[in-house]
Amino acid sequence: MVASKKSILLVISLLVPFLFLGILAAPKKKEFKIDFEDESEFVLTLTKSNFSDTVSKHKFVVVEFYSPWCGYHKILTPEYKKAASILSSHDPPIVLAKVDATKKKNMKLAAKYGISDIDSQLQPVLKILRKRGKVIQDYKGPRDADGIVAYLKEQTDPASILIMTDTETKAIFGGHNVVVVGLFPNFAGEEFQNFISVAEKLQPEFRFAHTWNATLLPCGEPPVKMPIVRLFKPFDEPFVDFEDFHIDALEKFIREASSPPVTILTKDNMNDPSIVQIFTSEDVKVILLLDMAEKGSNTCKAKYDEIAKSYKGKGMRFLISDIEDAYGMLKFLGADKNQAPLLLLESGDKKKYVKPIRAPEDIATCIKEYEGGNLVPYGDTETKQVAKDEL
């Protein structure tokens, strides 16, 4: 069943980091009309009539497909405008634009980019259009203006940066939790080209670099042999190596190795790129709402960690949040902190399921019920009441 739009917007606004984009408006061209809502703004307003002309004239464009009454859009707007203003002097040009996807004349345009009903998306859909619209990617960056600017400046860099000095190493690793480095004896051949292809595809999500000198990297011991991919991460071991340069295998490795078994979700990190990546992925999201201060919570956490590790690479992403950071979710569920622990699941098609956890063993049972299709989605009045009764 499907929850009311207002209710869903409430929970996702507290759960899901907001995807943002930043960019500068290019000068007006005689060939086409650019529709500014206000002459002092740098965000281009695009429609079916000027979209193709605008995109074809710029190598890098970010477009927000939005609903004007969406709460996410209203929160994004001032940050989006500020970022566009800051980027107005950037070289090369970074163009920030928006499309009202609720207007009938723009619906086919939105559908071209996979947006059939903007209201069902729950938030603005942000796309990066590279190479005059030939390459389309999801925006995966922060939501504040400064974060948008920093992220988009990086996005105009080469997909993979060459490391030749310690200074370049510090620049690459500064501010990035996950960095993927290709180590090659020379920058040619199928392995190197495949590495660059994956970097171009995943650039909105990860920082890539390449070098022939492993001693320039953190934990500077050289690999056993080159070529090899070394992924640096802030959990478990500091890095992990991978030798398969087939494109699909390399992409899968990066996605799986860059994610901890369980991600801690707080009110302070909800707009971090790593959290954004989780909530914009097609994986099933599993969230344990837990009173961390309660006696026995460590037992529940340990069981949750164990289960998460067993599902590594199987299309599920596990998160945990203290109830003090989950007030909005509890309010949406009609619950209070005394009813925690609760397990919230969100499927790839955005259906949500909620179950109370009476004992650590209930976590695995609940997930098995979901996999078997035996959980009732939390949404309409009838099943929502059933779920509340269980709480």
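What you see is a predicted model, and the numbers here were worked out from it, not measured in a lab.

J.: I keep staring at helix 7 (residues 190–202) and nothing clicks. Help me out?
T.: Compared with an ideal rise of 1.5 Å per residue, which puts 13 residues at 18 Å, helix 7 spans 18 Å between its outermost C-alpha atoms and is within 8% of the ideal. Inspection of helix 7 places Phe 192, Asn 194, Phe 195, Ile 196, Val 198, Ala 199 and Leu 202 among the buried residues, and these make up the whole buried set. Buried-residue contacts for helix 7 involve strand 6 (160–162), strand 7 (179–183), strand 8 (207–211), strand 9 (228–232) and helix 8 (247–257).

J.: Explanation requested: the confidence of the model for the protein chain in the structure shown.
T.: Should the pLDDT be low somewhere, the predicted coordinates at that spot are not to be read in detail. With 82% of its residues at a pLDDT of 70 or more, the protein chain shows a mean pLDDT of 82. Contacts of residues 380–389 to residues separated by more than four positions or lying in other chains number 15 contacts, the stretch itself having pLDDT below 50.

J.: Explain empty space enclosed by the protein here, please?
T.: Left-over empty space is what a probe sized like a water molecule reveals as it rolls over the atoms. For the structure shown, the criterion picks out 2 cavities of 30 Å³ or more. In this structure, the largest cavity spans a volume of roughly 40 Å³. Around the largest cavity, the lining residues are Glu 41, Val 43, Glu 64, His 73, Thr 77, Tyr 80, Lys 81 and Lys 98. Here the lining of the largest cavity takes 4 residues from helix 3 (residues 71–86), the largest share from any one element. Of the residues assigned to the lining of the largest cavity, the class counts are 2 nonpolar, 2 polar and 4 charged.

J.: What should I look at first to understand helix 10 (residues 297–310) in this one?
T.: For the α-helix, the turn length of 3.6 residues means that residues three or four positions removed from each other point alike. When the terminal C-alpha atoms of helix 10 are compared, their 20 Å separation across 14 residues agrees well with the 20 Å that a helix rising 1.5 Å per residue should span. Buried residues along helix 10 sit against strand 11 (262–264), strand 12 (284–290), strand 13 (316–322), strand 14 (342–346) and helix 12 (361–371).

J.: What exactly am I supposed to notice about the sheet that holds strand 14 here?
T.: Taking strand neighbours across the sheet as the criterion, the 5 strands line up as 11-13-12-14-15 in an open arrangement whose pairing is mixed. Edge positions in the sheet fall to strand 11 and strand 15 (352–356), since each of these pairs with one other strand and no more. Across the sheet, the axes of successive neighbouring strands diverge by a mean angle of 20 degrees, strand direction being ignored. Pairing between strand 12 and strand 14: 5 bridges, direction antiparallel. Bridging from a neighbouring strand, Leu 289 pairs with Leu 342 of strand 14. Relative to strand 12, helix 10 is tilted by about 170 degrees, and along the sheet it contacts strand 11, strand 12, strand 13 and strand 14.

J.: What is the right way to look at the sheet that holds strand 5 (residues 135–138) in this model?
T.: To summarise the sheet geometry, strands pair through backbone hydrogen bonds and adopt either a parallel or an antiparallel arrangement. One open sheet accounts for 5 strands, arranged 1-3-2-4-5; its pairing is mixed. The open sheet terminates on both sides in strands that have one partner only, identified here as strand 1 (44–45) and strand 5. The pairing of strand 1 with strand 3 (residues 95–100) spans 2 bridges and is classified as parallel. Counted as the bridge partner of Leu 44 is Ala 97 from strand 3. Each of strand 2 (60–66), strand 3 and strand 4 (125–130) touches helix 3; the most contacted strand, strand 2, lies at about 160 degrees to it.

J.: Quick question: what am I supposed to make of the pattern of salt bridges here?
T.: Two side chains bearing opposite charge may form a pair once their charged atoms approach each other closely. This structure, assessed with the given rule, holds 12 salt bridges. A salt bridge links Lys 201 to Glu 251, with the nearest nitrogen and oxygen atoms 2.9 Å apart. Of this pair, Lys 201 sits in helix 7 while Glu 251 sits in helix 8; the two residues are 50 residues apart in sequence, bridging distant segments of the chain. In this structure, Arg 230 and Asp 241 form a salt bridge, with 2.7 Å as the shortest nitrogen-oxygen distance. With Arg 230 in strand 9 and Asp 241 in strand 10 (residues 239–242), the pair connects residues that are 11 residues apart, well separated along the chain. Assessed through its relative accessible area of 30%, Asp 241 is described here as partly exposed. Because the salt bridges share partners, they merge into one network encompassing Lys 201, Glu 205, Glu 251 and Arg 255.

Rules of the game
- Residues numbered from 1 in each chain as written.
- Predicted model: local features only at pLDDT ≥ 70, side-chain atom pairs only at ≥ 80, totals over all residues.
- Heavy atoms only, no water.
- Helix = DSSP H or I, 4+ residues; strand = E, 2+ residues; numbered from the N terminus.
- Expected span 1.5 Å × (residues − 1).
- Buried < 20%, exposed > 50% of the residue type's maximum accessible area, 1.4 Å probe, protein only.
- Contact = heavy atoms within 4.5 Å.
- pLDDT = per-residue confidence, 0-100.
- 1 Å grid on protein atoms, 1.4 Å probe; cavity = no way out; pocket = protein on both sides within 12 Å on 5 of 7 lines; lining within 4 Å.
- Points joined across faces, edges and corners; volume = space filled by probe spheres on them.
- Nonpolar A, V, L, I, M, F, W, Y, C, P; charged D, E, K, R; others polar.
- Pairing = 2+ DSSP bridges.
- Axes fitted to C-alpha atoms, helices over the stretch in contact; angles between N-to-C directions.
- Salt bridge = Lys/Arg side-chain N within 4 Å of Asp/Glu carboxyl O.

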